[in-house]
Structures are given as C-alpha cells and as structure tokens.
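Listed below are the residues making up each chain.
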Amino acid sequence: MTNTLNVDEAAELTRTPVDQIWDFVYAELTDIEDVLPPDYSDPNDKGRVTLGAALALKARAMLYAGRHTEAAAAAKQVMDLNVYSLHPSYADLFSYGGQGNSEVIFDHQYSKDIFSYPFYQQNGPLGINAQGNMAVTRNLVDAYPTANGLPITMDNAYNEFDPYRNRDPRLAATVYLPAFSDAIPGDMLDDGSEDFDPRPGSGTADEINVDYQRTKTGFGVRKYLQEEDYTDRTNCGTNFILIRYADVLLMYAEAMLESNQVDASVYDALDEVRARVGFPALTRGQSMDDLREIIRNERMAEFGLEGLRLFDIRRWRIAEDVMTGTIPGFRYIEPGESDIVEYDYPGVVRVFDPARDYLWPIPFSETTLNSNLSQNDGY
C-alpha cells in the first residue's frame, strides 16, 4: 500500500507477490540515497539516518531477499564511502565509552536519566538482585572458535575440562560464563560478592532450576550489561546498535559468495573482522561449502545477542536443523565430583515444520475482514 485506503478499498485488497514488495523496498532505499548526507556536522543531528545507514539497510534487505548481486553492490557502496571502520576493541563496542564509535552505522539512541531502559534489571544474574530473564544456549557458546580461530571440534588445544580458556574473546564479551567446576569459577558478579555459579547444588542465588527466574541454560547475558548500571539497574543508557560496519563486511562476503563472485576481496572482508579478535588470515582457495560455513559461523559469533540470528536462520532455511528439540544448556562438573554433566533445559521442546513455519499465518481478523486474503499453507 502506497496511499491511504478507505474501508471499501481495504476490503478489496489482494496479496502482493513477494518480488514486487522487494522491488518496492529496493526502489525506496535507492531513491533516498541522493537526499541523505554521509554524516551530520550538527551534534543535534546525532543518531539520524545517514547515507551509509540507507545503503547498509539496502544490503541487508537484498540479502534477505536472496538478491545477492544487489546486496554485494550496496555493501560495497558503504565500504567505498570510507566513513566507517571496525572499532579496535570488540568488548568496548557495547559500552558507554564505545558509543558513537567509527563502526556504528545506525543505533537506537538512549540516555541515562532521560531516555533509559531496564536492561540490567531484566537480564543481570539473580546473584546481584536482577531478574536473569534471558539465557544463552550452548549452541551459541560452542560456535565461538578457539583463540587460534579454529572450531573447538578441530583444535587439539581445546580442553573440554577448561572450556572457556583460550577462546575467541567475543565469547567473554557476549556471554556471562558460569562456573565449570569447583576449580574453575564463573564470572565474578559485579558486586564482587561471589562467582556466577548456576550448577545444581551450588547453593548460590543463581543455582539453576530452583525457581522460574534462574537462568534456564546455565549461561547469562554479558553484552550490553554494564557494570556502571549495577547500582541503578533500571536506568541503562547505552545505545543499542542496529547496523554496524562488521555486518556490512560479512554481508559483502556472503553476497559475493552466493553470487559466485569469490575473489580476494571476500577473504579480505572476512579477515578484517576476524583479525580484530586475533585470528590469523584465512587460507585462500577454499571450497564454496567451507567458505559458506565460515561466514555463517562468523555471523553467529560476531552478532550473538544482537537480534540477527533468527532472521539468518530463516533466510538460510536451516531452522528445521537448529530450532528443534530441547534447548542445550551448559556443561559442568557437579560440586565435589569429577565427571562432566550436560544440562538441557527440559521446559521446552521445540518443533519446526519447514512446510509451514517459514511463514507466519495471516491474522484471522484480517481474513475475516477481507475474503480476498488467502491463508498460508498449514494454518
């Protein structure tokens, strides 16, 4: 719909083919390029949409549409602006000190005492009187490579009895890591009182499965959880990043791969993201499948808890592989014991039907008002 409809006109609408909708999105974002500036000189305009934001959104939209040539071109336009660069510290990206850094293309503006939100109160561990509402799955934790840039299944240096040591630094910057054993404590709570120890029998305020507010997986949220907010947990003011330059680089690499245009620039984009966390350069000449796996795992690790994973899963059509069954939680050694235990959260058993669940249902109220709107299969 591109104009205001009266009730009778709305009742006559039919469904628009998806390609026409993507054409519209592409045209809108292209038309606005000549209007938006690369940046703003007035501090009062901080946070407004820039040319880079529109181009990056076009790259994301075309990637979601499966139009990889257009996605690669839009991402390359952002790169060629020479406005953005990766922030040197991954962990600092999500801190008060890292706000507005060179990597941020578009973010949701917040401010303590003015326009804040209760992130710490909602997602911090119970051991410091927060609510622990969001938990992390073991799938995400295991996706982070070792410090050598290798999957944990391929690096002999990985030690299953000390699993968080010598790992990708993005892991510790994203996940509140639990105690593994009596000898290997979890992350220190911000009040310095004790370590984060959700193991059954630990007797701590964060012991798993004691009540509904405890972590469901043994892992907690670290990203965007600021120590500065500990004493004022409902007054959080860090900006939430919606698009950043690392995404542009990985979108470019993926779009070039999927449009069969793999060249040195694809490896350069991947290496730029991986080098920030100390990984060596990738071996050139990898197969399409191997390169695809590297790109997809990089997206999972780089953007953990940033709201992109669900959409990646759906556009890659892998939901029936990764979103079924119980939710995998942490591995640990019980107090006083020596054997590793694997915990899976028993409260949810996920089922994904690929014949139906890649589309949402058309709301019943809409089909009642307009009989021209057909329902999606399976609903």
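Residues numbered from 1 in each chain as written. Predicted model: local features only at pLDDT ≥ 70, side-chain atom pairs only at ≥ 80, totals over all residues. Heavy atoms only, no water.

Peer 1: Before we move on, could you go through the pattern of salt bridges and cite the residues and values that matter?
Peer 2: According to the stated counting rule, one finds 35 salt bridges in the structure shown. Salt-bridge contacts for Asp229 lead to Lys112; the nearest nitrogen and oxygen are separated by 2.9 Å. With Asp229 in the loop between β3 (220-221) and β4 (240-244) and Lys112 in the loop between β1 (104-108) and α5 (119-123), this pair connects stretches of sequence that are 117 residues apart. Lys112 sits in the partly exposed class, given a relative accessible area of 28%. (Salt bridge = Lys/Arg side-chain N within 4 Å of Asp/Glu carboxyl O. Helix = DSSP H or I, 4+ residues; strand = E, 2+ residues; numbered from the N terminus. Buried < 20%, exposed > 50% of the residue type's maximum accessible area, 1.4 Å probe, protein only.)

Peer 1: Give me the packing of helix α3 (residues 51-65) against helix α8 (residues 245-258): which residues, what numbers.
Peer 2: At a closest axis distance of 10 Å, the pairing of α3 and α8 adopts a crossing angle of 40°. In terms of axis orientation, α3 runs oblique to α8. Here α3 runs over α8; the crossing is left-handed. Residues Ala56, Ala59, Arg60 and Leu63 of α3 lie in contact with α8, whose contacting residues are Asp247, Val248, Met251, Glu254 and Ala255. A class-by-class count of the residues in the contact of α3 with α8 yields 6 nonpolar, no polar and 3 charged. (Axes fitted to C-alpha atoms, helices over the stretch in contact; angles between N-to-C directions. Parallel < 35°, antiparallel > 145°, perpendicular 65-115°, else oblique. Left-handed = near helix turned anticlockwise from the far one by under 90°. Contact = heavy atoms within 4.5 Å. Nonpolar A, V, L, I, M, F, W, Y, C, P; charged D, E, K, R; others polar.)

Peer 1: Account for the packing of α8 against helix α10 (residues 288-302), naming residues and giving values.
Peer 2: The interhelical angle for the contact between α8 and α10, taken along N-to-C directions, is 160°, at an axis separation of 10 Å. It follows that α8 is roughly antiparallel to α10 by the angle criterion. Every pair of crossing elements has a handedness; the one defined by α8 and α10 is left-handed. The segment α8 lies against α10, with Ala246, Asp247, Leu250, Met251, Ala253, Glu254, Leu257 and Glu258 engaging Met288, Leu291, Arg292, Ile295, Glu298, Arg299 and Glu302.

Peer 1: For α8, give the residues involved together with the corresponding values.
Peer 2: Spanning 14 residues, α8 covers 20 Å between terminal C-alpha atoms, matching the ideal 20 Å at 1.5 Å per step. Burial runs high along α8: 13 of the 14 residues are buried. Downstream of α8 by a residue or two, Asn260 has a phi angle that is positive, lying close to 60°. (Expected span 1.5 Å × (residues − 1).)

Peer 1: Report on the packing of aromatic side chains, specifying residues and quantitative values.
Peer 2: For the structure shown, the criterion picks out 16 aromatic pairs. Aromatic side chains Phe352 and Tyr358 sit 4.8 Å apart centroid to centroid with 70° between the ring planes, which places their arrangement in the edge-to-face category. Its relative accessible area of 12% is what places Tyr358 among the buried residues. Members of the aromatic cluster, joined through ring pairs, are Tyr90, Phe94, Tyr110, Phe115, Tyr117, Phe119, Tyr224 and Phe240. Sitting over the face of the ring of Trp360, Arg314 holds its NZ or CZ atom 5.2 Å from the ring centroid. (Phe/Tyr/Trp six-rings, centres within 6.5 Å; stacked < 30°, edge-to-face > 60°. Lys NZ or Arg CZ within 6 Å of the ring centre and 35° of its normal.)

Peer 1: Requested: an account of α3, with residues and values cited.
Peer 2: The end-to-end C-alpha distance of α3, which contains 15 residues, comes to 21 Å, matching closely the 21 Å that a straight helix rising 1.5 Å per residue would cover. Counting buried positions over the 15 residues of α3 gives 12, a clear majority of the element. Of the positions making up α3, those classed as buried are Leu51, Gly52, Ala53, Ala54, Leu55, Ala56, Lys58, Ala59, Arg60, Ala61, Met62 and Leu63. Taken from the residues just after α3, Gly66 is the one with a positive phi, measuring 80°.

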